[in-house]
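Notes for the structure review
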Amino acid sequence: MNAPHFPVMLPQVLAALDPKPNEVFIDGTLGAGGYASAILKREPRQLFGFDRDLSAFDLWKDLYGAPPKNLCFCHAPFGTMVDTLLAKGIRNVDGIVLDLGVSSMQLDQEHRGFSFGKDGPLDMRMDQSQGITAAEVVNNFDQGAIADILWHFGEERKSRQIAKAIVERRLEKPFRSTLELADLIRRVVHQRPGTKIDPATRSFQGLRIFVNDELGELGRALMAAETLLDDGGRLVVVSFHSLEDRIVKRFLKDRNGKMDMGSRHLPVAAAAGPKQQTFRALSTKVIKPSLAECEQNPRSRSAVMRAAVRVRNSTKHSRLES
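We now turn to the structure provided with this report. None of the values given here were measured: they were computed from a predicted structure.

**Some remarks on the packing of helix α11 (residues 214-228) against helix α12 (residues 242-255)**
- Here α11 crosses α12 at 30°, and the two axes come no closer than 10 Å. The pairing of α11 with α12 is recorded here as roughly parallel in orientation. Crossing of α11 against α12: the hand is right-handed. Contact residues: α11 offers Glu214, Leu215, Leu218, Leu222, Met223 and Glu226, while α12 offers Leu243, Glu244, Ile247, Val248, Phe251 and Arg255.

So this is what it looks like as structure tokens:
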């Protein structure tokens with residue numbers, strides 16, 4: 001059975017990750033298993049597949065059957081990679097791949113509340129077993145906090161007007177569904193002539209990023225990669241919007257010994273970083289999908305990839321495996 005999505009830039013990801021037999025890898029965003037299944041074909045010693053969404057593990061079984069012995073499911077955010085692997089006796093790995101943002105399968109499931117094009121509960125949590133929902137944000141947060149979320153995480157220029165309209169509307173009745181919120185936003189932000197971008201796009205992005213603490217998780221994951229990757233280990237990150245890519249770009253520049261500055265999104269500890277080189281970028285420019293891929297899979301059009309190799313100045317750590 002084929003996966004219900006196209007793994008974005010799969011050939012480029014595999015080329016940068018360069019998986020070899022007997023190596024250990026982390027797929028930080030298992031999703032529908034596109035990257036993980038391709039890595040497993042290279043016969044790694046172990047692959048740890050992380051996902052906050054429990055349904056990803058059931059989806060794997062539906063698509064590929066019983067997981068092989070060298071695949072270990074980890075129901076956890078990828079920012080917890082260090083603690084999760086230490087608990088399993090793993091101190092170092094050879095490669096880590098992160099496919100950021102929301103997956104195609106999550107967007108297509110209206111009950112998850114990610115899509116403004118389908119009516120569903122206003123949820124947006126990647127892990128529906130914990131955390132606050134988008135409905136709780138728009139129904140309970142004050143106007144200033146909502147505006148800040150839409151501005152900082154959605155880069156929505158009309159964040160204050162939208163927040164004001166949300167607060168006024170919720171006095172009549174609370175928001176329950178995605179279309180209720182999307183329709184209100186569309187009345188505030190009119191679609192620009194000649195553009196296909198829905199006026200609700202940025203606001204939904206901002207709420208989703210806030211609800212899931214996606215930028216904080218990314219910062220923690222990058223620091224975890226620095227800790228876990230062995231000398232010569234490869235880090236590959238696929239981003240889908242400028243906020244994510246800006247964090248990855250700044251992190252790699254800093255770790256290449258060229259930058260000491262922080263970021264409003266990247267945690268201070270990550271931005272400060274060591275002064276010695278810990279990563280060597282594989283390319284000075286972002287890698288983008290081919291025109292053919294964008295035509296086959298329109299959702300890949302906004303994707304960019306950055307890849308780097310871990311550089312350790314000290315003796316390699318030995319692996320401790322259970």
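**A look at the pairing of strand β4 (residues 93-99)**
- Judged by how many residues are buried, β4 sits mostly within the fold: six of seven residues are covered.
- When strand β1 (residues 24-27) meets β4, the two strands line up parallel, connected through three bridges. Across the sheet, the residue bridging to Asp27 is Val97, located in β4.

**Thoughts on the sheet that holds strand β3 (residues 71-74)**
- Read from one edge to the other, the open sheet built from seven strands follows the order β3-β2-β1-β4-β5-β7-β6, with strand pairing classed as mixed. Each edge of the open sheet carries a strand with a single partner, namely β3 and β6 (279-281). Direction aside, neighbouring strands of the sheet carry axes that sit 20° apart on average.
- Across three bridges, β6 lies against strand β7 (residues 304-310) in antiparallel orientation. Note that in β7 the partner of Arg280 across the bridge is Val309.
- With respect to the sheet, α11 is in contact with β1, β4, β5 (229-239), β6 and β7, its orientation differing from that of β5 by roughly 160°.
- Of the strands in this sheet, β5, β6 and β7 are in contact with α12, which crosses β7 at around 25°.

**Considering the packing of aromatic side chains**
- With the rule as written, the count across this model stands at six aromatic pairs.
- Arranged with centres 6.3 Å apart and planes meeting at 35°, the rings of Phe153 and Phe210 form a pair that is tilted. Note that Phe153 is positioned in helix α7 (residues 143-154) and Phe210 in helix α10 (residues 201-212), a separation of 57 residues in sequence.
- Under the relative-accessibility criterion, Phe153 is labelled buried at 19%.
- Here the aromatic cluster, defined as three or more aromatic residues joined through ring pairs, consists of Phe57, Trp60, Tyr64 and Phe73.

**Quick notes on helix α9 (residues 178-188)**
- Taken together, the buried positions of α9 are occupied by Thr178, Leu181, Ala182, Leu184, Ile185 and Val188. Projected onto a plane normal to the axis of α9, the buried residues spread over an arc of 160° and lie on a single side.
- Next to the buried residues of α9 lie α6 (134-140), α8 (159-170) and α10.

**With respect to the pairing of β1**
- What you see with β1 is no split at all: Val24 and Ile26 on one side and Phe25 and Asp27 on the other are buried throughout.
- Bridge count for β1 against strand β2 (residues 46-50) is four bridges, and the pairing is parallel. Bridged to Phe25 within β2 is Leu47.

The rules behind these values
Residues numbered from 1 in each chain as written. Predicted model: local features only at pLDDT ≥ 70, side-chain atom pairs only at ≥ 80, totals over all residues. Heavy atoms only, no water. Axes fitted to C-alpha atoms, helices over the stretch in contact; angles between N-to-C directions. Helix = DSSP H or I, 4+ residues; strand = E, 2+ residues; numbered from the N terminus. Parallel < 35°, antiparallel > 145°, perpendicular 65-115°, else oblique. Left-handed = near helix turned anticlockwise from the far one by under 90°. Contact = heavy atoms within 4.5 Å. Buried < 20%, exposed > 50% of the residue type's maximum accessible area, 1.4 Å probe, protein only. Pairing = 2+ DSSP bridges. Phe/Tyr/Trp six-rings, centres within 6.5 Å; stacked < 30°, edge-to-face > 60°. Arc of directions from axis to C-beta.

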